[in-house]
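These are the residues of each chain, in order.
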Amino acid sequence: PLGTFGWYSLGNPDFDVFQDYAGITELNNFVKANNGYAGTAEIDETFSEWGGKLSVDYQLNNILLYLSVSNGFKMGAVKSNPTTLTFHKQLNNIVKPETLITYEAGWKSQFINDRLRLNGAVFKNTWHDYQFFLVYNPGRPAGLFASLVNLPEAKSIGAEFELDWLIGNDRRAKFGLGWLNTEVINAQLDVSAIALAQQASFQEQVVKGNKLTNAPEWSYNL
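Residues numbered from 1 in each chain as written. Predicted model: local features only at pLDDT ≥ 70, side-chain atom pairs only at ≥ 80, totals over all residues. Heavy atoms only, no water.

A.B. asks: What exactly am I supposed to notice about the overall build of the protein chain here?
C.D. replies: Assigned secondary structure in the protein chain consists of three helices and nine strands. Listed by position from the N terminus, the elements making up the protein chain come as α-α-β-β-β-β-β-β-β-β-α-β. For the protein chain, the proportion of its 222 residues judged to be buried stands at 33%. In the protein chain, the share of contacts with a sequence separation of at least 24, taken over all contacts with a separation of at least 6, comes to 60%. (Helix = DSSP H or I, 4+ residues; strand = E, 2+ residues; numbered from the N terminus. Buried < 20%, exposed > 50% of the residue type's maximum accessible area, 1.4 Å probe, protein only. Contact = heavy atoms within 4.5 Å.)

A.B. asks: What is the right way to read the pattern of salt bridges from this model?
C.D. replies: Once their charged atoms are close, side chains differing in charge can pair, the charge on each being opposite to the other. Tallied over the entire structure, the rule returns three salt bridges. Linking lysine 96 and aspartate 129 is a salt bridge whose minimum nitrogen-to-oxygen distance equals 3.5 Å. With lysine 96 in the loop between β4 (94-95) and β5 (98-111) and aspartate 129 in strand β6 (residues 116-136), this pair connects stretches of sequence that are 33 residues apart. (Salt bridge = Lys/Arg side-chain N within 4 Å of Asp/Glu carboxyl O.)

A.B. asks: What am I meant to see in unusual backbone geometry here?
C.D. replies: Glycine aside, the phi torsion of most residues is negative, and most peptide linkages are trans. Even without being a glycine, aspartate 114 presents a positive backbone phi close to 65 degrees. As for its position among the elements, aspartate 114 is in the loop between β5 and β6. Here the phi dihedral of asparagine 214 falls at roughly 55 degrees; this positive angle occurs in a residue that is not glycine. Mapped onto the elements, asparagine 214 comes out in the loop between α3 (196-203) and β9 (218-221). Look at asparagine 214 and you get exposed, because its relative accessible area is 80%.

A.B. asks: I tried to follow a nonpolar patch on the surface on my own but got confused; where do I start?
C.D. replies: A surface patch of nonpolar side chains, amounting to about 860 Å² of accessible area, comprises Tyr58, Leu60, Leu65, Trp107, Phe161, Leu177, Trp218 and Tyr220. Elements supplying a minimum of two residues to the nonpolar patch: β1 (52-60) and β9. With a relative accessible area of 52%, tyrosine 58 lands in the exposed category. (Patch = residues over 30% accessible without salt bridge, like charges linked within 9 Å, V, L, I, M, F, W, Y side chains within 5 Å. Areas by Shrake-Rupley, 256 points an atom, 1.4 Å probe, with all protein chains shown as cover.)

Written as structure tokens, this is what we have:
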């Protein structure tokens, strides 16, 4: 029911939920209004990115110190969406590859005959063209819009600490603690493929200085 025909059927009194998915009358009206079925497009895209990691470490008795910098990527993708297949210009749009540069410094250590491990790290992530799924819901089905988009730039800094202690032959204690701070650096989305009436409202959901989603400030396990 979240597809194009599903939304098109809402509010139509002759829609029979026990017989039709969208209603025959609504389906015929939809085809006439769009001069046929609009939900097709041919896409041919090639993406090329590089990744790698450079690190140095120093062993100091039971402690290993390290520094690293790495570059990773997520390939580009098609961002067509079932809720918007009626619009030709929204079918063959893509999101650009996402790139991530990570700086990290930390230590790994073992004590008490290698029965106690204490590890820690600090890091910084910088994303360019960060990919995420953005949903605009104005409270009415006809205005719902969702799309995979590129956020031009975002960053995070954080720290992690973990303890792993083999207390005895049958007892073990583990503890982990993480802190994370994320921020949107550049919030200007590419909304050219979105219907003009929805562009401003869609863009307003992403604000410079906001935190990234699914990024809790504190996390721990015991």
